[in-house]
Amino acid sequence: MPRIAPSIEDALAAVTDGCVLAVAREVSGVAMAATCALVRRETRNLHLIALPTSSMQADLLIGAGCVTALETSAVSLGEFGPAPRFAAAVIAGALRMRDATCPALHAAFQAGERGEPFAPLRGLIGSDILKYRIDWKVIDNPFAADDPIVLVPAIRPDVALFHAPMADRAGNVWIGRQRELATMAHAAEKTVVTVERIHPGDLLADPVLAAGTLPGFYIDAIALAERGAWPLPLPDHYPADQEHLAEYARLAATPDGFARYLERYVHASRAA
Amino acid sequence: MQAAPPEDSCRDEELLACVIRGLIGDARHVAVGNASPIPAAAALLARAEGQGRPYVSLLQSRKHNFFTDGGRELFDCAGRGRVDVFFLSGAQIDGQGNINLVAIGDPARPQVRFPGSFGSAFLYYVVPKVILFRTEHSRRTLVAKVDFISAPGTSAPNVYRPGGPVALITNRCVFLFDKDKGRFRLASVHPGHSAAEIAEHTGFAYDAPETVGVTPKPSVQSLRLLRGAVAGELAEVYPQFTAQVFGRRHGSAS
């Protein structure tokens with residue numbers, strides 16, 4: 001049974017230097033408070049995999065020097081523009097980049113959760129994404145003549161990390177309709193979750209809640225983090241902090257500005 | 001807040017939305033990705049005119065989005081043939097319909113890095129009508145050959161490809177894509193623009209008729225719907241765009 005950790009830092013023990021860390025897209029629930037804790041802890045050499053895209057979380061981790069390899073379909077700050085630390089790291093050659101496309105990542109995690117070695121996927125043939133992905137293969141569909149199809153290897157990350165609305169004392173986590181969070185947890189070796197609050201009852205006892213619940217069976221550590229997705233949104237709970245994201249985009253545009261951002265908002269919150 | 005524009009004039013965004021609405025035609029399901037307010041307006045206009053048909057999925061929206069099976073559902077839907085129309089853009093688009101969402105220069109050490117390909121390398125192949133959309137029509141964006149192919153405009157005959165580009169809409173004109181030739185044909189220029197101007201600002205070769213027509217202006221009925229019901233729905237997802245183009249805010253009375 002997963003324990004409710006006394007702190008976010010305790011819950012993050014599984015995220016070790018050099019591990020393969022899977023993170024969620026912005027609309028699913030991004031563990032931003034935990035991400036700041038990883039930066040403060042000076043986590044290094046992460047192999048980050050976004051399912052299937054990332055925004056400020058990847059940019060922050062890359063800018064802070066926590067990431068050496070990145071697999072994603074995109075990193076963008078959305079209406080706040082390009083992700084500046086991500087772009088700068090790629091241009092500097094400081095990041096081992098594996099460009100993907102969204103359904104390839106979904107398929108690879110689904111293969112991972114089933115314990116299968118790979119997943120087939122349409123599309124991709126003739127793209128430069130495929131050209132640069134030497135780990136992806138093209139085979140002939142064994143069930144039809146002259147029908148090439150791409151295979152992507154399964155993804156089984158060391159740790160999946162995300163933020164969710166609530167967990168109960170037994171470690172069950174309510175994810176609602178954000179089903180890819182379940183896929184992430186099923187595929188990962190370990191799963192770390194931060195939650196807004198502790199649900200007083202048993203999430204699996206109520207059939208309405210149970211349908212949106214990820215059982216504690218798949219989860220290794222939970223920490224309470226109120227507004228733990230801030231400044232990103234937690235859908236159906238709170239919107240993005242537009243002003244803060246605009247400030248991040250402005251500061252992160254330069255290395256000095258990014259350092260000021262870290263000082264002001266990431267390192268300062270340790271003392272707070 | 002600005003006054004509503006008169007019904008005999010329209011803004012560029014309204015013209016483009018109505019052109020796209022025409023290209024959508026009759027469809028069951030139109031999906032719109034991120035950062036696409038004009039295609040979203042076109043899809044919502046199609047739904048308003050079709051009294052509920054097509055289904056419209058705005059991926060950024062809570063309200064205009066029926067998916068309950070996570071991020072994969074859109075792609076599963078499309079792979080199964082259940083998305084009829086989608087929209088893509090590119091930092092670069094070339095004359096063969098190839099799009100680049102990744103980088104300028106050598107992708108390993110690029111001069112400029114863009115966010116990435118998102119779902120394009122799948123959706124471009126399986127959605128029957130992909131409408132390309134780029135509001136900066138210049139030799140910088142419409143190029144002879146893209147630096148990185150996020151997704152190709154056409155595929156070899158043996159590659160599974162029920163989908164692909166049908167048109168490219170810019171701030172200056174409408175190109176239609178000829179799938180057999182694998183190249184664009186100039187279909188119309190927007191009011192106030194000329195065929196010579198298109199040639200000057202387009203970096204790729206394309207076909208053109210001897211005389212090029214002018215993109216038709218939206219009907220009064222379409223403009224009314226766009227400025228009324230559609231603007232109200234669009235404000236949830238694109239508040240700044242809606243305020244700027246339609247002079248109204250989320251929640252304001254129609």
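Bear in mind the structure is a predicted one, so any value in this text is a computation, not a measurement.

## Observations regarding the pattern of salt bridges
Pairs can form between side chains of opposite charge once their charged atoms are near each other. Tallied over the full model, the rule gives 23 salt bridges over all chains. Here A:Asp135 ties to A:Arg133 by a salt bridge, and the two come within 2.8 Å at their closest N and O atoms. On the accessibility criterion, A:Arg133 (4% relative accessible area) is buried. Its salt-bridge partner being B:Glu197, residue B:Arg172 comes within 2.6 Å of it at the nearest N-O pair. One end of the pair, B:Arg172, is in the loop between strand 10 (165-170) and strand 11 (173-178); the other, B:Glu197, is in helix 5 (residues 195-201), with 25 residues separating them in the sequence. B:Arg172 sits in the buried class, given a relative accessible area of 15%. We classify B:Glu197 as buried; its relative accessible area is 15%.

## Focus on the packing of helix 2 (residues 37-49) of chain B against helix 6 (residues 220-234) of chain B
Residue and element names in this part refer to chain B. Two numbers describe how helix 2 lies on helix 6: the axes approach to 9 Å, and their chain directions differ by 110°. Put simply, helix 2 runs roughly perpendicular to helix 6. Of the two elements, helix 2 crosses helix 6, and the hand of that crossing is right-handed. Contacts from Pro37, Ala40, Ala41, Leu44, Leu45, Arg47, Ala48 and Glu49 of helix 2 reach helix 6 at Ser222, Leu225, Leu226, Val230, Glu233 and Leu234. Looking at the contact of helix 2 with helix 6 residue by residue, the class counts come to 10 nonpolar, one polar and three charged.

## Examining the nonpolar core
Residues A:Trp136, A:Phe162, A:Val173, A:Met184, B:Leu132 and B:Phe175 are the most contacted members of the largest nonpolar core, which totals 76 residues. Among the elements that make up this core, the one with the highest residue count is helix 5 (residues 102-114) of chain A (seven residues). Of the domains in this structure, domain 1 (3-104 + 155-266) and domain 2 (118-153) of chain A are the two that each give at least three residues to this core. In this structure, A:Met32, A:Val90, A:Val192 and A:Leu232 belong to the second largest nonpolar core, which totals 52 residues.

## A short note on the layout of surface pockets
All names here are of chain A. The space that makes up the second largest pocket amounts to roughly 440 Å³. If you trace the second largest pocket, you find 20 residues lining it, with Arg96, Met97, Arg98, Asp99 and Tyr132 closest to the centre. Breaking the lining of the second largest pocket down by element, the ones donating at least two residues are strand 4 (67-72), strand 5 (96-99) and helix 6 (128-132). Among the elements that line the lining of the second largest pocket, the one with the most residues is strand 5, at four residues.

Procedures and definitions
- Residues numbered from 1 in each chain as written.
- Chains lettered and ligands numbered in written order.
- Predicted model: local features only at pLDDT ≥ 70, side-chain atom pairs only at ≥ 80, totals over all residues.
- Heavy atoms only, no water.
- Salt bridge = Lys/Arg side-chain N within 4 Å of Asp/Glu carboxyl O.
- Buried < 20%, exposed > 50% of the residue type's maximum accessible area, 1.4 Å probe, protein only.
- Helix = DSSP H or I, 4+ residues; strand = E, 2+ residues; numbered from the N terminus.
- Axes fitted to C-alpha atoms, helices over the stretch in contact; angles between N-to-C directions.
- Parallel < 35°, antiparallel > 145°, perpendicular 65-115°, else oblique.
- Left-handed = near helix turned anticlockwise from the far one by under 90°.
- Contact = heavy atoms within 4.5 Å.
- Nonpolar A, V, L, I, M, F, W, Y, C, P; charged D, E, K, R; others polar.
- Core = buried A, V, L, I, M, F, W, Y, C linked by side-chain atoms within 4.5 Å.
- Domains from an automatic or database assignment.
- 1 Å grid on protein atoms, 1.4 Å probe; cavity = no way out; pocket = protein on both sides within 12 Å on 5 of 7 lines; lining within 4 Å.
- Points joined across faces, edges and corners; volume = space filled by probe spheres on them.

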